[in-house]
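Summary of structural features
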Amino acid sequence: MKGLLAKKLGMTQLFNPDGTMTAVTVLEAGPCRVLGLRTAEKDGYNAVRIAFAPAKEGRLNGPQLGEFKKANLDPHRHVVEIRNYDGLEQGQELKAEIFAPGELVDVTSTSKGKGFQGLIKRHKFSRGPESHGSMNVRQPGAIGATDAARVFKGVRMSGQMGNVRTTARAYRVVRVDAERNLLLVKGGVPGAKGALVLVRQSTKKVKPKGPAGKPNPRKV
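Residues numbered from 1 in each chain as written. Predicted model: local features only at pLDDT ≥ 70, side-chain atom pairs only at ≥ 80, totals over all residues. Heavy atoms only, no water.

What follows covers the side chain of His76. You can see His76 is positioned in strand β5 (residues 76–83). A residue is classified by how much of its surface remains accessible, and His76, at 8% relative accessible area, is buried. A polar side-chain atom of His76 sits 2.7 Å from the main-chain carbonyl oxygen of Asp74. (Helix = DSSP H or I, 4+ residues; strand = E, 2+ residues; numbered from the N terminus. Buried < 20%, exposed > 50% of the residue type's maximum accessible area, 1.4 Å probe, protein only. Polar contact = N/O pair within 3.5 Å; in protein donor to acceptor, adjacent residues only side chain to side chain.)

In this section: the pattern of salt bridges. Applying the stated criterion across every chain, the model contains seven salt bridges. The closest approach of N and O atoms between Arg49 and Glu67, which form a salt bridge, is 3.0 Å. With Arg49 in strand β4 (residues 47–54) and Glu67 in helix α2 (residues 62–70), the pair connects residues that are 18 residues apart, well separated along the chain. With a closest N to O distance of 4.0 Å, Glu81 and Arg49 form a salt bridge. Here Glu81, found in strand β5, pairs with Arg49, found in strand β4; they are 32 residues apart in sequence, far enough to count as distant. Residues joined by salt bridges that share partners form a network here, namely Arg38, Arg49, Glu67 and Glu81. (Salt bridge = Lys/Arg side-chain N within 4 Å of Asp/Glu carboxyl O.)

Once that is clear, we can look at the environment of Lys204. Within the secondary structure, Lys204 sits in the segment after β12 (196–201). On the basis of relative accessible area, Lys204 is assigned to the partly exposed category, the value being 44%. Along the chain, Lys204 and Val105 lie 99 residues apart, while their C-alpha atoms are 8.9 Å from each other. Lys204 has contacts with Arg169 and Ala170, leaving out every residue within four places of it along the chain. (Contact = heavy atoms within 4.5 Å.)

On to the layout of surface pockets, then. To find the voids left in a structure, one rolls a probe of water-molecule size over its atoms. Volume-wise, the largest pocket comes out at about 280 Å³. Leu35, Gly36, Leu37, Arg38, Thr39, Lys42, Asp43, Arg49, Glu67, Lys70, Ala71 and Gln90 together form the lining of the largest pocket. Looking at the lining of the largest pocket, the elements that each hand over two or more residues are β3 (32–38), α1 (40–43) and α2. The element contributing the most residues to the lining of the largest pocket is β3, with four residues. Residue composition of the lining of the largest pocket, grouped by class: three nonpolar, three polar and six charged. (1 Å grid on protein atoms, 1.4 Å probe; cavity = no way out; pocket = protein on both sides within 12 Å on 5 of 7 lines; lining within 4 Å. Points joined across faces, edges and corners; volume = space filled by probe spheres on them. Nonpolar A, V, L, I, M, F, W, Y, C, P; charged D, E, K, R; others polar.)

Turning our eyes to something else, we now look at a positive patch on the surface. Judged by side-chain charge, Lys112, Lys114, Lys121, Lys124 and Lys193 come together as a positively charged surface patch. Along the chain, the position of Lys193 falls in the loop between β11 (182–186) and β12. With a relative accessible area of 69%, Lys193 lands in the exposed category. (Patch = residues over 30% accessible without salt bridge, like charges linked within 9 Å, V, L, I, M, F, W, Y side chains within 5 Å. Areas by Shrake-Rupley, 256 points an atom, 1.4 Å probe, with all protein chains shown as cover. Lys, Arg positive; Asp, Glu negative; His and termini not counted. Charge placed at Lys NZ, Arg CZ, Asp CG, Glu CD.)

This paragraph deals with the pairing of β11. Burial analysis of β11 places four of its five residues in the buried class, which makes it a mostly covered element. Two strands pair when backbone bridges link them, and strand β2 (residues 21–29) and β11 are joined in this way by five bridges, in the antiparallel orientation. Paired with Val26 across the two strands is Leu184, which belongs to β11. Here strand β10 (residues 165–177) runs beside β11; their pairing, made up of four bridges, is antiparallel. In the strand pairing of β11, Val173 is matched with Val185. (Pairing = 2+ DSSP bridges.)

Turning next to the packing of aromatic side chains. This model, assessed by the stated rule, comprises zero aromatic pairs. The ring of Tyr45 carries Arg83 above its face, with NZ or CZ at 4.0 Å from the centroid. (Phe/Tyr/Trp six-rings, centres within 6.5 Å; stacked < 30°, edge-to-face > 60°. Lys NZ or Arg CZ within 6 Å of the ring centre and 35° of its normal.)

Pasting the structure below:
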């Protein structure tokens, strides 16, 4: 499963030959360096550790610097591990060109924080009636059993919204700029501008579409 670390630069739009417009997110994908390898014989699983965004030595602690010196690489700010990524060597450079236009990718990042929010915005609840003296317009209804003397875990209530690690699946790569290491993916990617984004080969199975843009019927 190939992947890269990237930086979200923002959104823009591309015009297609038929005159339609496609909204895309611009990601500065790489260059990344292979920091180390995990093998089934030594570690019990196969994975690769990649580093992104060069940094000064003062930004890293002793163990982190030692890992980079052992691999004969310059210090980097971000390190991530991707499982089942084979065919790489330590010190190898990975760029945006490992992906191709039309390919599907999964993107993982930290979503925008929206502060303390109520039930309607946070959980898409419907509001109550506003007539006949109703006092329950944007308030919660029942929150559990009456004889439990407590609130059960997992009840949807008001609280912190956003600012969580989330993965959006099956984003289509629209364009690859190999010279500037840019990936343009269709749609909006979670996270604010400048957010760290992990781009991986998608694991979601998408049904092929028919000539009219509709999914093909199942074959019996």
